[in-house]
Amino acid sequence: MAEENVTRRNALKVLGATLGAGAFARALAPLAEITQFTNLREFMQKHYRELNSDEMREVLHRLEQDTEHRYGCEVTIRDIRPQRHTQFAYALNLSVCIGCRRCVEACHQENNHDRTTHQSYIRVLEMEQGSMDMERGNTNYDHDVPAPGHFYMPVQCQQCENPPCVSVCPVEATWQETDGIVVVDYNWCIGCRYCEAACPYHARRFNWRRPEIPADEINPNQSYLSNRIRPQGVVEKCHFCLHRTREGRLPACLEACPTGARVFGNVLDADSEIRWVLENKRVFVLKEELGTRPRFFYFFDR
Amino acid sequence: MSRPTTPPHSDALASRSARGAALVAAFIAALDVTACASRDADRFSASQDADGAHRLADGGVYASTLHAPRQLVSILGTTRNLQGQPVEIRCATCHDLLVPPPALPDRASSLGGPHAGLRFDHGGNACAACHDPTRFDRLRLATGETIPMTGALRLCAQCHGTQYRNYTHGSHGGMTGHWDLRSGPRVRNHCVDCHDPHTPRYPSFRPMPPPLDAPARVETRHG
């Protein structure tokens, strides 16, 4: 009786079902891999702005443990909120900048960037005197500075008042905070890189790989929206060192600048250095015609 | 080698400066200016002492102090040790600091002895333009007032007023610490931290390495 059931039709059915099940299992295999990297809580984590304080504490604790597990370094990750009555602005004196790239290096170390790609939020453009076209600036110079006939223009996130990167984000993983800093929720970012394409200042960076940093080089003073070690596949950018500046400290790039070309402060404070520069120097912004309204200003001494 | 002290296309930028001013005004106006009103103005009533260091009136506000330069007690001589390094010679090795020195020469090239190798490239200044001719360890202002070596900022400011003005407003010279002096102190670099008074031009040097992720260069269609 059973032999009668082994028909050509049944054999094909069994073969088809087996192949189908195999293909299905293969298709779901990446999910199994994901669980090696993440857990359900991370996967189900809410958007930064929807987390209540208990949930935030839990997230920070999980991230700290995760960092210790992966990098063998004990770090403190905090959630530092904007100060009231504070609007940050930055100005850079192009007459004084010598293009030494110490700001680039300081950013690299402060913000726990990947060591293998030597990532940094700042690029220094070597510009020919007489040109203001930043697209023609050379970032790859490797000779003694300052070179005759050139000036140097460090470019980082301009923290625009009208940020194109924020409007293009399909999932609202990036937004502007009340003190003017444009931030990224690295856990909410889906890595589509629209913002990277939208930024006219080449200010955003994509993590093609998980950052590699030796444990003894990790900066343990971290915050959720700034310099905690980013996951793979997300976009990041300069955040005016908010883990420092929101506590009154100067940004790392400014402290590293040997010439004092960088001026940082709260523009709502009428006696601040930044306010003096904005009121007394002929400041300009990059690509003003785009209407991005940067809060990063440049000026020449006169 | 000239530093770009004037902007390129200064005509173009001059016309931009008016727009720039409008831009800044718009920027500040666009921000929450009502916040200014609630700011405690007294806390920011800064006064400035002779060294250019900000001393803030309110005891609750931290100070912005000047990084004190190292007291000059020795020079590097012309002779070299076995490692090829110049030998450090203490002033008191030759000079009795209590006895006035012989008349200072007009220019550094006529110096002899351990001072013979001194490189001098600071305009046409004579030694006595800055140094007190009667004391090895003191400087002399144009007014005739003598000041210690560590007070060099006042001396430099006599000629370099523009730089001094920028310095006092935080746009010249490095600093570390806090932008918000209510949160913590700040330390400002001294002139001589970066500029050798005898050869004040900031030396050119090798920068940190270039980035590894540089974007492709944009070739504009119209050259």
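About the thresholds
Residues numbered from 1 in each chain as written. Chains lettered and ligands numbered in written order. Predicted model: local features only at pLDDT ≥ 70, side-chain atom pairs only at ≥ 80, totals over all residues. Helix = DSSP H or I, 4+ residues; strand = E, 2+ residues; numbered from the N terminus. Buried ≥ 20, exposed ≤ 12 C-beta atoms within 10 Å, placed from the backbone. Pairing = 2+ DSSP bridges. Axes fitted to C-alpha atoms, helices over the stretch in contact; angles between N-to-C directions. Contact = placed C-beta atoms within 7 Å. pLDDT = per-residue confidence, 0-100. Expected span 1.5 Å × (residues − 1). Arc of directions from axis to C-beta.

K.L.:
What should I look at first to understand the overall build of chain B in this one?
P.N.:
In terms of regular secondary structure, chain B is built from six helices and nine strands. The proportion of buried residues among the 223 residues of chain B is 17%.

K.L.:
Help me understand unusual backbone geometry, please; the structure alone is not making it clear to me.
P.N.:
Most peptide bonds are trans, and most residues other than glycine sit at a negative phi. All names here are of chain A. Between V145 and the following residue, P146, the backbone shows a cis peptide bond with an omega angle of -10°. Position of P146 among the secondary structure elements: in the loop between β3 (123-128) and β4 (150-155). For R101, which is not glycine, the phi torsion reads 65° and is therefore positive. Note that R101 resides in the loop between β2 (88-93) and α5 (102-110).

K.L.:
So what exactly am I meant to see when it comes to the sheet that holds β2(A) here?
P.N.:
Each strand in a sheet pairs with another by means of backbone hydrogen bonds, the pair being arranged parallel or else antiparallel. All names here are of chain A. A sheet is described by the order of its strands in space; here three strands give the open sequence β10-β2-β11, paired in mixed fashion. Since the sheet does not close on itself, it has two edges, and those belong to β10 (262-266) and β11 (296-299), each with one partner. Geometrically, the sheet is characterised by an average inter-axis angle of 20° between neighbouring strands, direction not taken into account. The pairing of β2 with β11 spans four bridges and is classified as parallel. Directly across from A91, in β11, lies its bridge partner F297. Helix α10 (residues 273-280) contacts β2, β10 and β11 of the sheet and is inclined by roughly 110° relative to β10.

K.L.:
Sorry if this is basic, but what is going on with the confidence of the model for chain B here?
P.N.:
Low-pLDDT stretches of the model should not have their predicted coordinates read in fine detail. Residues and elements named next belong to chain B. A residue-level look at chain B finds 66% of positions with pLDDT of 70 or above and a mean pLDDT of 73. Mean pLDDT across the elements of chain B bottoms out in helix α2 (residues 34-37) (36) and peaks in strand β8 (residues 175-177) (94). Considering only residues more than four positions removed or in separate chains, one finds that residues 1-14, a stretch of pLDDT under 50, has 22 contacts. Contacts for the low-pLDDT stretch residues 32-58, under 50 throughout, to residues beyond four places or in other chains number 43 contacts.

K.L.:
What's the story with helix α4 (residues 53-71) of chain A in this structure? I'm lost.
P.N.:
Spacing of three or four residues puts side chains on the same side of an α-helix, whose turn is 3.6 residues. Residues and elements named next belong to chain A. For α4, spanning 19 residues, the distance from its first C-alpha to its last is 26 Å, which sits close to the expected 27 Å at 1.5 Å a residue. The complete set of buried residues in α4 reads V59, L63 and T67. Along α4, the residues classed as buried sweep out an arc of 70° about the axis, all on the same side. Exposed side chains of α4 directed beyond 90 degrees from the buried face belong to D54, R57, H61, Q65 and H69. For α4, the secondary structure elements touched by its buried residues are β1 (76-78). Remark: G72 follows α4 within two positions and exhibits a positive phi of approximately 65°.

K.L.:
Help me out: how do you make sense of the environment of A:I181 in this one?
P.N.:
Residues and elements named next belong to chain A. Within the secondary structure, I181 is located in the loop between β5 (174-176) and β6 (182-184). C-beta crowding within 10 Å serves as the criterion here: with 25 such atoms nearby, I181 is assigned to the buried category. Spatially, the C-alpha atom of I181 lies 9.1 Å from that of E161, the residues being 20 residues apart in sequence. Every residue in contact with I181, bar those within four places of it in the chain, is listed here: F88, Q159, H239, F240 and L242.

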